[in-house]
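Structural overview for review
As a plain string of letters, each chain reads:
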Amino acid sequence: MVKKKDEIPDWVSDEIQNAKFKKPEELKRTGYILELYNEDNKVDVQLYDPVEDGRHIVTMDLPKKIKIDDLEKGVVYEFTFDQHKAPLSKKVSEYLAKEKEIEMNAIYQFELKSLELLDVGSEDSAEDDAEE
């Protein structure tokens, strides 16, 4: 059987799947929700300031206390979340860079802890404040 050219070797996928995450780092960033994933209880978020690896768009897991139906796309929130990082071995990082042209030396997971709707001067939020 001929291996597919784009297949990743077992030793690489094993390390990625069994990555050991370090103690999470709590971060606060502002941004907005791009997409809601009801089935997975996740959200894609566009952040104004990047996370450690330079990305501005990340997928976050939602805790049970945050109801996905209460969230709105396109409005500005301050997100408080845990960034979990699992470093990859030099061997795996070099393989990904050389064979797949992917610059990656760690795997990240993001877990939303809380979020706060920010008043960014929209007319709607000014009306909401007047009603309260």
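To be clear, the structure that these remarks concern was listed above.
Anyway, here's the lowdown on the structure attached to this text. (Residues numbered from 1 in each chain as written. Predicted model: local features only at pLDDT ≥ 70, side-chain atom pairs only at ≥ 80, totals over all residues. Heavy atoms only, no water.)

**A short note on the nonpolar core**
Core analysis: the biggest nonpolar cluster contains 19 residues, and Val43, Leu47, Met60, Phe79 and Phe81 have the highest contact counts within it. Those elements giving two or more residues to this core turn out to be β1 (25–37), β2 (42–47), β3 (57–61), β4 (76–87) and β5 (106–117). If we skip the residues at most four places from it in the chain, Leu47 touches Arg29, Thr30, Gly31, His56, Val58, Met60, Phe79 and Phe81. Counting 8 residues, the second largest nonpolar core, distinct from the first, contains Val12, Ala86, Val92 and Tyr95. (Core = buried A, V, L, I, M, F, W, Y, C linked by side-chain atoms within 4.5 Å. Buried < 20%, exposed > 50% of the residue type's maximum accessible area, 1.4 Å probe, protein only. Helix = DSSP H or I, 4+ residues; strand = E, 2+ residues; numbered from the N terminus. Contact = heavy atoms within 4.5 Å.)

**A look at the side chain of Asp44**
For Asp44, the position within the fold is in strand β2. Look at Asp44: it is buried, it has no salt bridge, and the nearest opposite charge is Lys42 at 8.6 Å. Side-chain polar atoms of Asp44 contact the side chain of Thr59, separated by 2.5 Å. Those residues within four positions of Asp44 in sequence are excluded, and the remaining contacts are Tyr32, Ile33, Leu34, Glu35, Tyr37, Val58 and Thr59. (Lys, Arg positive; Asp, Glu negative; His and termini not counted. Salt bridge = Lys/Arg side-chain N within 4 Å of Asp/Glu carboxyl O. Polar contact = N/O pair within 3.5 Å; in protein donor to acceptor, adjacent residues only side chain to side chain.)

**Observations regarding the packing of aromatic side chains**
Note on aromatic pairs: each is described by the distance of the centres and the angle between the planes. All chains considered together, the criterion is met by 5 aromatic pairs. Taking the centre distance of 6.0 Å and the plane angle of 55 degrees together, the rings of Tyr32 and Tyr48 count as tilted. Here Tyr48 lies in the loop between β2 and β3 and Tyr32 lies in strand β1, a separation of 16 residues in the sequence. Owing to a relative accessible area of 43%, Tyr48 belongs among the partly exposed residues under this scheme. Ring centres of Tyr77 and Phe79 lie 5.7 Å apart, and the angle between their planes is 50 degrees; on these two criteria the pair is classed as tilted. For the pair Tyr77 and Phe79, a shared accessibility class is recorded, and that class is buried. Linked through ring pairs, Phe81, Tyr108 and Phe110 together constitute an aromatic cluster. Above the face of the Trp11 ring, Lys91 is positioned so that its terminal group lies 4.6 Å from the ring centre. (Phe/Tyr/Trp six-rings, centres within 6.5 Å; stacked < 30°, edge-to-face > 60°. Lys NZ or Arg CZ within 6 Å of the ring centre and 35° of its normal.)

**Points about the pattern of salt bridges**
For the structure shown, the criterion picks out 7 salt bridges. Linking Asp61 and Lys42 is a salt bridge whose minimum nitrogen-to-oxygen distance equals 2.4 Å. A residue pair is termed long-range when its members are at least 10 positions apart, and Asp61 in strand β3 and Lys42 in strand β2 qualify at 19 residues. The exposure class assigned to Asp61 is partly exposed, which follows from its relative accessible area of 25%. With a shortest N-O distance of 2.6 Å, Glu52 and Lys85 are connected by a salt bridge.

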